[in-house]
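Reading the structure
Residue strings, one per chain:
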Amino acid sequence: MNIEEFENVMPIRALPSGLSIPRNYSHREDGGDIRPEGLIIPRNNSHREDEGDIRLEPYVGLEFDSAEGAQEFYNIYATRNGFRIRIGQLYRSRVDGSVISRKYVCSKEGFQTNTRTGCPAYIRVQKDDSGKWMLANVNMEHNHDLELPGEIHPPRIQRKSLPAPRSSVGVSNRTGISSVEEDSPSGTIDRKRFKREEVQEETSVVVRGEPYKGLEFNSALEAYKYYHVYAASVGFKVRIGQLFRSKKDGSVTSRRFVCSKEGHQHPSRVGCSAFLRIQRQASGRWVVDRLDMEHNHAMDCPVDASGTFTLPKGFREELGNGLEHTDLVEANGGFSPVGRGRRSNIGSEWYHVLIEYFQSRQAEDTGFFYAVEADDGKCMSVFWADGRSRFACSQFGDAILLDTTYRRGSYSVPLACFVGVNHHRQPVLLGCALIADDSEQSFTWVFKAWLRAMSGRHPLSITADQDKTIQQSIAEVFPGTHHRFSTCQKMEENLGALFSINDEFKYEYQTCILQSQTANEFDLSWNVLLSKYNLKENGWLKEMYQMRKSWVPLYIRGTFFAGIHVDGMKPFFGNILNSQTPLNEFILRYEKGLEQRQEEEKKEDFSSFNLQPVLHTKDPIEEQCRRLYTISMFKVFQKELLECYSYAGIKLNVEGAISRYLVQKCGNGEESKTVAFNASNLNISCSCKMFEFEGILCRHALKVFQIVNIRELPSRYVLHRWTKNAKYGILRDVDSGGSYQDYKPLMLWSLREEARNYIEAGATSLERYKVAFEIMHEGRRNLSWQN
């Protein structure tokens, strides 16, 4: 049916109540005016009054009875002009969570798929105090060719209500099933009747708006029904994804429902990232705790699925115990119950190829380590690390980054990398894993495998995702390790609207987070912020406060992170390994990426041993650090040394051997730090905590060393990991407090790496072999005599 036929057959009364647009509304048979029901034309827009037919263009000030009316108006307008639309962002009230603004965009907005061009065209409607929806912003410009109007058929818009504020009745009405008032006039639910209806083949479902965090359900089945009906109204299908179980009793604690095009196991799937995850509360109810509304594919034509819900055949018998007691898999267009075993996101063909590769590498590299997780006889997660990675961890494993980029996009290969920072501030690989699923069990197994490979050495810090499963796994496997995560992405999701419309809030929020110097100061600023902007009941901010030691700089800067940025680093393998790397190329690309990184490190090693950076002062400390540090780290130190000349130090007080100084920048009294110096042992500490965080002395401490005439840095303030000799020999500062067990992994892997190089050099000719063997034999005898 083309667009003209569509207009001729579309009766006015068939349109939703939110909008009614006849072919021409300017004159009725009785001579009166006809106007679209739900569409309000402001009287002061006289230049628009002659555009009374469906060809009315969107403009600021156009009003609607509902957001759906605006959506349908824009959809019909788009159909006439040769493009399609998608539902964009929404913004909620901080008071009751109701939607106060909606954005509808061109289907080619964004760049998530190859078909999208980043088109800027959109409309945004905003709810006013009277309950009307007014068009607040509009962009008519497209950056792509439009189709002919006859080529596009307007999809059927599914009518749905916006989420209502939580009812004061005991059972929330923000679910996919009829509210309390609809179930019973008395406001109570007949539980027996509800159970009987659950096991019927067709169950009535009422959609109550788009999903959002905090949406509650009585059961996991109810949540699935809701998401199924919502998906149908938007134009996609749903599959049942992963589940997570309690370690105590094996009951399901979390479920994930995904778009049917999630993953790449079938040609029809395109790795769509859209999903909804629910978590069981202590009360037994289920709450949406994570969701992604973005699809990377075109939507199907929306259908009306709100009237009936067909349960999977053969599954009705299981509903007496609830969906949470059964795992489902997609089969022949329906769902079938299966056992409780976990499912792996790693293609089965990967295991054979990887294990064959691991065995071949193990034959060449005696330090190569690999492990495969088995669950109920099935292969799950895989971990591996070569000898170089294990050696690098012995020296640079104090601060690590767990790169799980695959979890944030359409990645067919769930590759996670353990990455450290070497003595040139370059990323160094400390192990790799393919992670079967997002469960706590998978991450715990991977962390334990890494710990076994690295001789049991715990890192001081780890930068990883905020996800609760990762947090719990880190707490279990690395109990003394400081876990840090970034809140940028979550902040955009939870406070993005407030940030975008209120610059004062943005400034005060950032000041509270970044400039608080003490815990009391942070608490005071935080509470003032919540009170001023009425955010005390914001669930996300409550959760973030509880976890403040994992993201607020005040609590982090006293832990060593080797300069790793809170938002991570660029992927270790760059563009060599991408989101869709096929199995037959994975190993070749993996080895190519390793080779490139090793070449980059060799170049920096060569430069550090053969080139001399230019000195800018006559301070003996600068010459000392040039001799010890790699070029990259010397430049970091040199910058702090030069900056200290623009600071002044004032002695505040003296307590025994300890003197305290106030160090501030000349001409800027606001930029000041407190430095404590112990004259008896030359210990120094600054309130900025740069040495504790990065391992390099700050400008404030260096200024005090100048004041007290210290001409050479104590060895404890030149970390061995930043020096030219970081990879060679034993630690120079062994007497700085560590035990034999602390240094055993380093000694073991230093000797192994040196022995590997020795063997390669000694096996190049028969003559060299004889010399190498005699030297080794003599060395072993010397070690025996020392015992």
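Residues numbered from 1 in each chain as written. Predicted model: local features only at pLDDT ≥ 70, side-chain atom pairs only at ≥ 80, totals over all residues. Heavy atoms only, no water.

**Some remarks on the pattern of salt bridges**
If you walk through the whole model with that rule in mind, you get 25 salt bridges. Salt-bridge contacts for Arg-86 lead to Glu-109; the nearest nitrogen and oxygen are separated by 2.7 Å. Here Arg-86, found in strand S3 (residues 85-92), pairs with Glu-109, found in the loop between strand S4 (99-106) and strand S5 (122-127); they are 23 residues apart in sequence, far enough to count as distant. Residue classification places Glu-109 among the partly exposed positions, given a relative accessible area of 28%. Measuring nitrogen to oxygen at the nearest pair gives 2.6 Å for the salt bridge that ties Arg-239 to Glu-262. With Arg-239 in strand S8 (residues 238-245) and Glu-262 in the loop between strand S9 (252-259) and strand S10 (275-280), this residue pair connects regions lying 23 residues apart in the sequence. Assessed through its relative accessible area of 6%, Arg-239 is described here as buried. Overall, the relative accessible area of 25% leaves Glu-262 in the partly exposed class. What emerges from the salt-bridge pattern is a single network uniting Arg-86, Glu-109 and Glu-294. (Salt bridge = Lys/Arg side-chain N within 4 Å of Asp/Glu carboxyl O. Helix = DSSP H or I, 4+ residues; strand = E, 2+ residues; numbered from the N terminus. Buried < 20%, exposed > 50% of the residue type's maximum accessible area, 1.4 Å probe, protein only.)

**Some thoughts on the layout of surface pockets**
Of the volumes computed, that of the second largest pocket is approximately 1,100 Å³. Looking at the second largest pocket, it is lined by 32 residues, and the ones nearest its centre are Ile-513, Leu-514, Pro-553, Arg-557 and Phe-693. Elements with a minimum of two residues in the lining of the second largest pocket: helix H10 (488-501), helix H11 (503-515), helix H14 (553-556), strand S23 (668-678), helix H18 (690-694) and helix H19 (699-707). With five residues, the top contributor of residues to the lining of the second largest pocket is H11. Residues belonging to the lining of the second largest pocket are distributed by class as follows: 16 nonpolar, eight polar and eight charged. (1 Å grid on protein atoms, 1.4 Å probe; cavity = no way out; pocket = protein on both sides within 12 Å on 5 of 7 lines; lining within 4 Å. Points joined across faces, edges and corners; volume = space filled by probe spheres on them. Nonpolar A, V, L, I, M, F, W, Y, C, P; charged D, E, K, R; others polar.)

**Some points on the sheet that holds strand S18 (residues 427-434)**
Taken in spatial order, the seven strands make up an open sheet running S14-S15-S18-S17-S16-S19-S20, and their pairing is mixed. Each of the sheet's edge strands pairs with one partner strand only, and the pair in question is strand S14 (369-375) and strand S20 (482-484). Neighbour-to-neighbour, the strand axes of the sheet open up by a mean angle of 20°, direction not taken into account. The sheet contact formed by strand S16 (residues 399-403) and strand S19 (residues 461-463) spans three bridges and is parallel. For Leu-401, the partnering residue across the bridge sits in S19 and is Thr-463. Here helix H15 (residues 583-610) sits on the sheet and contacts strand S15 (378-385), strand S17 (415-421) and S18; the angle it forms with S18, its principal contact strand, is near 160°. (Pairing = 2+ DSSP bridges. Axes fitted to C-alpha atoms, helices over the stretch in contact; angles between N-to-C directions. Contact = heavy atoms within 4.5 Å.)

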